[in-house]
Amino acid sequence: MTLHRTASRSHQRGLSFIGVVFFGVFAVAAFAIGGQSVPIFLENVAIKKAAEKAKLEGTVPGIRAAFDRAAAIDDITSIQGKDLEITKRGDKTVVGFKYSREIALAGPAFLVYRFEEQTK
């Protein structure tokens, strides 16, 4: 004689249909937001590099012009040379910048990235 055990519903494992749908919606939303966020962070890295290179020019108009040249090459659209905050700390030139970018999510909802940095 053999005993056949049937799995009762309380012992079954796995995702329900609602769980699969919820997971799918979450994955698509994360992928969509991530896909729009990556270029923003890449542009921020390009802005940092352009500011570091520009500060070697020495004069305020030279720094702004060098940044604008680098912005044209690297396709930087969020900030321009006129938006840079250029100061002196002792004998060092410090180039700072502040800007924000936003991603439209749904309806009136936006994801806003605010960047505020300075060269060293």
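Cut-offs used in this document
- Residues numbered from 1 in each chain as written.
- Predicted model: local features only at pLDDT ≥ 70, side-chain atom pairs only at ≥ 80, totals over all residues.
- Heavy atoms only, no water.
- Helix = DSSP H or I, 4+ residues; strand = E, 2+ residues; numbered from the N terminus.
- Expected span 1.5 Å × (residues − 1).
- Buried < 20%, exposed > 50% of the residue type's maximum accessible area, 1.4 Å probe, protein only.
- Contact = heavy atoms within 4.5 Å.
- Polar contact = N/O pair within 3.5 Å; in protein donor to acceptor, adjacent residues only side chain to side chain.

Undergrad: Can you break down helix α1 (residues 17–54) residue by residue, with the values?
TA: Its 38 residues place the ends of α1 56 Å apart at the C-alpha level, agreeing with the 56 Å of an ideal helix rising 1.5 Å per residue. Those residues of α1 that fall on the buried side of the exposure criterion are S37, I40, E43, N44, A46, I47, A50, A51 and A54. If you follow the buried residues of α1, they end up packed against α2 (60–74), β2 (92–106) and β3 (109–118).

Undergrad: So what's going on with α2? Residues and values would help.
TA: Between its first and last C-alpha, α2 extends 21 Å over 15 residues, near the 21 Å set by a 1.5 Å rise per residue. Buried residues belonging to α2 abut α1, β1 (85–89) and β2. Residue T59 occupies the N-cap position of α2, its side-chain oxygen lying 3.1 Å from the main-chain nitrogen of G62. A positive backbone phi angle near 60° is found at D75, which sits one or two residues after α2.

Undergrad: Go over the environment of A54, please, and point to the residues and values.
TA: When you line up the elements, A54 lands in helix α1. For the pair A54 and R64, spaced 10 residues apart in sequence, the C-alpha separation works out to 7.3 Å. Once you skip the residues sitting within four places of it in the chain, A54 turns out to touch I63, A66 and F67.

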